[in-house]
Amino acid sequence: MAEKRHWLEHSITQNFFVPVLAVVLSFAVGAIFIAIVGQNPIEVYYVLFSQTLGNEYGIGQLLFKTTPLIFAGLSVAICFKAGLFNIGAEGQLQIGAFATALVGMYTFGVPAFIEIPLLVLAGIVGGGIWGFIPGYLKAKTGAHEVINTIMLNFVALALVSYFATNIYNVPATVHTPSIAPTGRIPRFDVFFSGFEGSPVNFSILIAIVAAIFVWYYIDRTRPGYELRVVGLNAKAAEFGGINVARNLILSMTIGGALAGLVGTNYVMGYKYYFEEGFSTGTGFMGIAVALLGNNNPFGVILAALLFGMLEYGGLVINTMVPKELVSILQAIVIIFVISSNKIFRKTLVNYMKTRTLSVNQ
Amino acid sequence: MISQILSLAFLAQTIRITVPYALASIGGVYSERGGVTNIALEGIILTGAFCTVVGTYYTGSPLVGILCGVSGGLLTALIHAVVSINIKADQIISGIAINLFAVGITKFVLEILFHSSSNSSRIVGLPHIPMGFIEHQPDVAHLLGNPMVLATIAIIIASQFIIFRTRFGLRLRAVGENPEAADTVGIKVNLYRYYGVMISGVLAGLSGAWLAFDQHSFTDGMSAGRGYIALAAMIVGKWNPLGAAAACLLFGFAESLQIQLQGGGLPTQFIQMIPYIATIIVLAGFIGKAVAPAADGVPYEKEK
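Residues numbered from 1 in each chain as written. Chains lettered and ligands numbered in written order. Predicted model: local features only at pLDDT ≥ 70, side-chain atom pairs only at ≥ 80, totals over all residues. Heavy atoms only, no water.

S.K.: Sorry if this is basic, but what is going on with the overall build of chain A here?
M.R.: Counting its regular elements, chain A contains 14 helices and zero strands. Each helix and strand of chain A, ordered N terminal to C terminal, gives the series α-α-α-α-α-α-α-α-α-α-α-α-α-α. In terms of overall dimensions, chain A is globule-like: its C-alpha atoms have a radius of gyration of 22 Å, near the 21 Å expected for 361 residues. Over its C-alpha atoms, taken along the principal directions, chain A stretches across nearly 80 × 60 × 35 Å. For chain A, buried positions account for 54% of its 361 residues. For chain A, long-range pairs separated by at least 24 residues make up 74% of all intrachain contacts whose partners lie at least 6 apart in sequence. Accessible surface computed for chain A: about 15,500 Å², of which carbon and sulfur atoms make up 66%. Of the charged side chains in chain A, 20 are positive and 16 negative; the average position of the first set lies 13 Å away from that of the second. (Helix = DSSP H or I, 4+ residues; strand = E, 2+ residues; numbered from the N terminus. Rg over C-alpha atoms; globule rule 2.2 N^0.38 Å. Buried < 20%, exposed > 50% of the residue type's maximum accessible area, 1.4 Å probe, protein only. Contact = heavy atoms within 4.5 Å. Areas by Shrake-Rupley, 256 points an atom, 1.4 Å probe, with all protein chains shown as cover. Lys, Arg positive; Asp, Glu negative; His and termini not counted. Charge placed at Lys NZ, Arg CZ, Asp CG, Glu CD.)

S.K.: Is there a simple way to think about the overall build of chain B in this case?
M.R.: When you go through chain B residue by residue, the secondary structure sums to 14 helices and zero strands. Mapped from its N terminus to its C terminus, chain B presents α and β elements in the order α-α-α-α-α-α-α-α-α-α-α-α-α-α. Computed over C-alpha atoms, the radius of gyration of chain B comes to 19 Å, within 12% of the 19 Å expected from 2.2 N^0.38 for 304 residues, which places it in the range of a compact globule. When its C-alpha atoms are laid out on the principal axes, chain B stretches across 65 × 45 × 35 Å. Across the 304 residues of chain B, 56% fall into the buried class.

S.K.: So what exactly am I meant to see when it comes to the interface of chain B and chain A here?
M.R.: By a frequent convention, interface size equals the accessible area lost on bringing the separate parts together. Contacts between the two partners involve 38 residues from chain B and, on the opposite side, 42 residues from chain A. Between chain B and chain A, the buried area comes to about 3,500 Å², and carbon and sulfur atoms account for 84% of it. Our count for the contact surface shared by chain B and chain A stands at one salt bridge. For Lys-107 of chain B, the salt bridge goes to Glu-324 of chain A, with nearest N and O atoms at 3.3 Å. (Buried area = accessible area lost by both parts, 1.4 Å probe. Salt bridge = Lys/Arg side-chain N within 4 Å of Asp/Glu carboxyl O.)

S.K.: I tried to follow a nonpolar patch on the surface on my own but got confused; where do I start?
M.R.: Residue and element names in this part refer to chain A. Together, Phe-16, Val-20, Val-24, Leu-302 and Leu-305 line one region of the surface with nonpolar side chains, adding up to about 460 Å² of accessible area. Looking at the nonpolar patch, the elements that each hand over two or more residues are α1 (11-37) and α13 (297-316). If you tally residues by element for the nonpolar patch, the top one is α1, at three residues. Mapped onto the elements, Leu-302 comes out in helix α13. (Patch = residues over 30% accessible without salt bridge, like charges linked within 9 Å, V, L, I, M, F, W, Y side chains within 5 Å.)

S.K.: Explain unusual backbone geometry to me, please; I cannot follow it from the model alone.
M.R.: A positive phi angle is found at Ala-172 of chain A, which is not glycine, with a value near 70 degrees. Here Ala-172 of chain A lies in the loop between α6 (145-167) and α7 (203-220). Under the relative-accessibility criterion, Ala-172 of chain A is labelled exposed at 86%. One non-glycine residue, His-216 of chain B, lies in the positive phi region at around 60 degrees. Looking at where His-216 of chain B falls in the secondary structure, it is placed in the loop between α10 (189-215) and α11 (226-236).

S.K.: What's the story with the nonpolar core in this structure? I'm lost.
M.R.: Generally speaking, a soluble globular protein has its nonpolar side chains buried in company with each other. Ile-87, Ile-150, Phe-274 and Phe-307 of chain A are the most contacted members of the largest nonpolar core, which totals 189 residues. Residue contacts for Ile-87 of chain A: discarding those within four places in its chain leaves Val-146, Thr-149, Ile-150, Asn-153, Phe-284 and Ile-287 of chain A together with Ile-39, Ile-92 and Ile-96 of chain B. Grouped together as the second largest cluster of nonpolar side chains are six residues, Val-175, Ile-187, Val-189 and Tyr-300 of chain B included. (Core = buried A, V, L, I, M, F, W, Y, C linked by side-chain atoms within 4.5 Å.)

S.K.: It is not clear to me how the pattern of salt bridges should be interpreted in this structure. Could you clarify?
M.R.: When the charged atoms of two side chains lie near each other, side chains of opposite charge can form a pair. According to the stated counting rule, one finds seven salt bridges over all chains in the structure shown. Between Arg-246 of chain A and Glu-226 of chain A there is a salt bridge, and its shortest N-O distance comes to 3.7 Å. Taken as a pair, Arg-246 of chain A in helix α10 (residues 244-260) and Glu-226 of chain A in helix α8 (residues 222-232) lie far apart in primary sequence, 20 residues in all. When the shortest N-O distance is used, the salt bridge between Arg-16 of chain B and Asp-214 of chain B registers 2.7 Å. Of the two residues, Arg-16 of chain B is situated in helix α2 (residues 8-33) and Asp-214 of chain B in helix α10; the sequence distance between them amounts to 198 residues. Accessibility expressed as a relative area gives 30% for Arg-16 of chain B, which makes it partly exposed. Where salt bridges share partners, they join Lys-323 and Glu-324 of chain A together with Lys-107 and Asp-220 of chain B into one cluster.

S.K.: Please clarify how the side chain of Thr-76 of chain B should be interpreted in this entry.
M.R.: All names here are of chain B. Tracing the backbone shows Thr-76 in helix α4 (residues 62-86). A relative accessible area of 7% means that Thr-76 is categorised as buried. With sequence-adjacent residues up to four places away left out, Thr-76 is seen in contact with Gly-43, Ile-44, Thr-47 and Ile-98.

S.K.: Hey, could you run me through helix α3 (residues 41-59) of chain B in this one?
M.R.: Spacing of three or four residues puts side chains on the same side of an α-helix, whose turn is 3.6 residues. An ideal rise of 1.5 Å per residue puts 27 Å on 19 residues; α3 of chain B measures up with 27 Å between its terminal C-alpha atoms. Most of α3 of chain B is tucked away: 15 of the 19 residues are buried. (Expected span 1.5 Å × (residues − 1).)

S.K.: Help me understand the packing of aromatic side chains in this model?
M.R.: How two aromatic rings sit relative to each other is set out by the distance from centre to centre and by the angle between their planes. Residue and element names in this part refer to chain B. For the structure on display, the rule yields 33 aromatic pairs over all chains. Taking 5.0 Å as the distance between ring centres and 80 degrees as the angle between the ring planes, the aromatic pair formed by Phe-50 and Phe-218 counts as edge-to-face. Within this pair, whereas Phe-50 is found in helix α3, its partner Phe-218 is found in the loop between α10 and α11, the two being separated by 168 residues in sequence. On the accessibility criterion, Phe-218 (0% relative accessible area) is buried. Geometrically, the ring pair formed by Tyr-57 and Tyr-58 is edge-to-face, given 5.0 Å between the ring centres and 90 degrees between the ring planes. Tyr-57 gets classed as partly exposed once you look at its relative accessible area, which sits at 36%. (Phe/Tyr/Trp six-rings, centres within 6.5 Å; stacked < 30°, edge-to-face > 60°.)

S.K.: Would you explain the packing of helix α7 (residues 147-165) of chain B against helix α12 (residues 241-260) of chain B in this entry?
M.R.: In helix packing, the relevant descriptors are the interaxial angle and the interaxial distance, both defined with respect to the helix axes. Residue and element names in this part refer to chain B. Running from N to C, α7 and α12 cross one another at 150 degrees; their axes reach a closest spacing of 8 Å. Viewed along their axes, α7 and α12 adopt a mutual orientation that is roughly antiparallel. Of the residues in α12, those touching α7 at Ile-156, Ser-159, Gln-160, Ile-163 and Phe-164 are Pro-241, Leu-242 and Ala-245. Broken down by class, the residue content of the contact of α7 with α12 amounts to six nonpolar, two polar and no charged. (Axes fitted to C-alpha atoms, helices over the stretch in contact; angles between N-to-C directions. Parallel < 35°, antiparallel > 145°, perpendicular 65-115°, else oblique. Nonpolar A, V, L, I, M, F, W, Y, C, P; charged D, E, K, R; others polar.)

S.K.: What is the right way to read the packing of helix α2 (residues 41-53) of chain A against α13 of chain A from this model?
M.R.: All names here are of chain A. Where α2 meets α13, the closest approach of the two axes is 9 Å, and the angle between their N-to-C directions is 110 degrees. With respect to each other, α2 and α13 are oriented roughly perpendicular. Between α2 and α13 the crossing geometry is right-handed. Listed contacts from α13 to Val-47, Leu-48, Phe-49, Gln-51, Thr-52 and Leu-53 of α2 are Met-309, Leu-310, Tyr-312, Gly-313, Gly-314 and Val-316. (Left-handed = near helix turned anticlockwise from the far one by under 90°.)

S.K.: How should I be thinking about α7 of chain A in this particular structure?
M.R.: All names here are of chain A. Helix length check: α7 (18 residues) gives 25 Å between terminal C-alpha atoms against 26 Å at 1.5 Å per residue, within 8%. Residues of α7 that are buried include every one of Ser-203, Ile-204, Ala-207, Ala-210, Ala-211, Val-214, Tyr-217 and Ile-218, and no others. Looking straight down α7, one finds its buried side chains confined to an arc of 140 degrees; they lie on one side. Across from the buried face of α7, at angles greater than 90 degrees, the exposed residues are Val-209 and Arg-220. (Arc of directions from axis to C-beta.)

Pasting the structure below:
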C-alpha cells in the first residue's frame, strides 16, 4: 500500500506540471491582450507557431535565439544550485563576448583547430572573471551577490561601451574589427540549404555540450555534490567539512564562464565582431529560463527553446499585434512559475497533512 | 571649470537629475525597511512615467497626469506586493518579472494609443511658481520654482521623520527587522509590509512623472536604469531617507559634471560607473558597514 502515491507527490509531475501550467496560463492572459487590440487570439497564436516552427528558416531563427538563452540559463541555474542568485549573466556575457572579439582580432593566421578553442576560452575567461568578483565578495565580505551582480552588469556595460566605441572600434561604428576568419563557427546553411538566410550556427552544439557538462558536474562529481550541499544548507556543509567560501566563488565563476560563452553565437557564429548593445537582456531572460527549466540543464534547454521561439515569434506577429506581446508573455510566465511553485508546494503539504491525519484515525 | 560648477545652471541640472533618483530611492527605503526587497523600482518608474503622459495627454491637465502616474506606480507596486507578501514567492524574481512586464506593457499600449513603438505625442509641462530673483535665467527659475522639486525636498525630510520618529515608522521597521516579535505585540506584519510597498509605488510613480514632464513625452524604456541607481543610492545611504537622498545628490552631481565636461576629462562611461562601483565598495564594508533590515526579502510565515 505504501507504494501508492498521490499524483501531486511525483517529482516528474511537479517538474513538468508547474512550468507547463505557467506557460498555458500566460498564453491565456496573452489572449486577453490580443483581443483588446481587436485581433483574434487563435489566429495570432497560429501565426506565431506556424511561422516559427513550420519552416526551416523559422526554426533557424528560433535556434539562433535559443543558443544564448541556454548559456545564460545554465549560468543562472548552476549558481541557483549553490544557493546563489546570479543576476549578473548580462554583464558576464558582455565581458565574455568582448574578450572573444578582442582575442579574435589579434590572432590572424592561427589555424582553426587552435583559433576556435582559443576564442571559446577567451569567452570563458572573460565571463569567469566577471562571475568571480561577486563570488569572491560574497565569500569574503558577505556582500549580497544580487546587488553586486546588478551593479556589475552596469559596470560591464559601461566598460565594453567605452572600449567598443572609443578604443577598439572600426572608425565611425560601435563595433570592433572582424575576428580572424579561422575563428568563425560555420552556419547551418553551409551544410543544410533549407536554413538559408537564418543565422543559426554550430555554437548551439557548444551550448548542448555545456548543458551536458553542467548536468554531469552537478549530478555525478564530488565537487558538484559539494556545491549542491552548500546550496541546500551552507551551515551543514561547513559543519561537514566542505569549504563553503570556495564553493561560492567556484559556482559564480563557472556561472560567469557559461554566460561568457554567449559570444560563440554572436561573435564567432554570426557577425564576427563585438557590437555595443548586441544583447538585449539575454542575461535577465536567463533567469526566466533557469526558473522555467527548474534549474535542470535539460529543462534549461527546453525553456530556452520556448523563450527563443517567443523572441523570434514577436517579430513574426508584429503586423498583427505589437511585438511587445511576447515580453508580456515572458513576464507572466515568470510570475506564474514562482507563484505556482509556492502554491503547489503548500497544497501538497496540506494534502499530506490531511492524509496522515486520516491514516492515523 | 570651477566657475562652471558653481553656476546656477549647473546646480539646476544637478537637481534635475537628482529628483527622480531621490523619489524612487526613498520609495525603496520604505519598502525595504518593511522587509520587502524592491528591484521593481525600475518598472514602477517606467509605468509611472507612461501613465503620467497618457493622463496629461488626454486631459491636458498635469495634475491629472501626476495622479495617473502615481496610480500606475501604485498598481505596479501592488503586483509586487501580492506576489511577495501574499503568495510569498521570490521577491527578487518578482521584481525582475515586473520590470520586464513594465517594458512590454508600456510599449504595447504606446503602439495602440500613439501608433509609435518609440515615443508618445508631446505633453504640456508642469506650471512653475514664479521665482522673481532669478527670472533672468528662465531654465533655473523654472526648475527651482517647480512644485515637484519643493515636494521632493519635503518628502525627503518628512520621510526621515516618519521612519525614525513616528509610531508608523517604528512599526514599519519592526516588521522589517523582526516580524515575529512585531506579530507578538499585535502589529499586523503583512499590512505594514503592504504600506511600505505601496508608498514605494507612489514615490517611484512620482519619479516617473518627473521624467515625463521633464521630457514632455514618453519614450520607450525611458526609466533607463534609474530604478537600479535608486536602489544603489538606498544601499549607499544605508536605508535612511536622508542618506539615500545624499547619495542621489552625489550621483546626480557626478552625472551633471560629466555633462558639463563633455569632451574633456574622464570618458562618459567611467562617470556612469560611479554609482555602481560606490555601491559595491560600500557593500563590501570598506566604508562603514551597510546592513540591510534583518528580514528584508524574507516572507513572513505566521506560526500556527
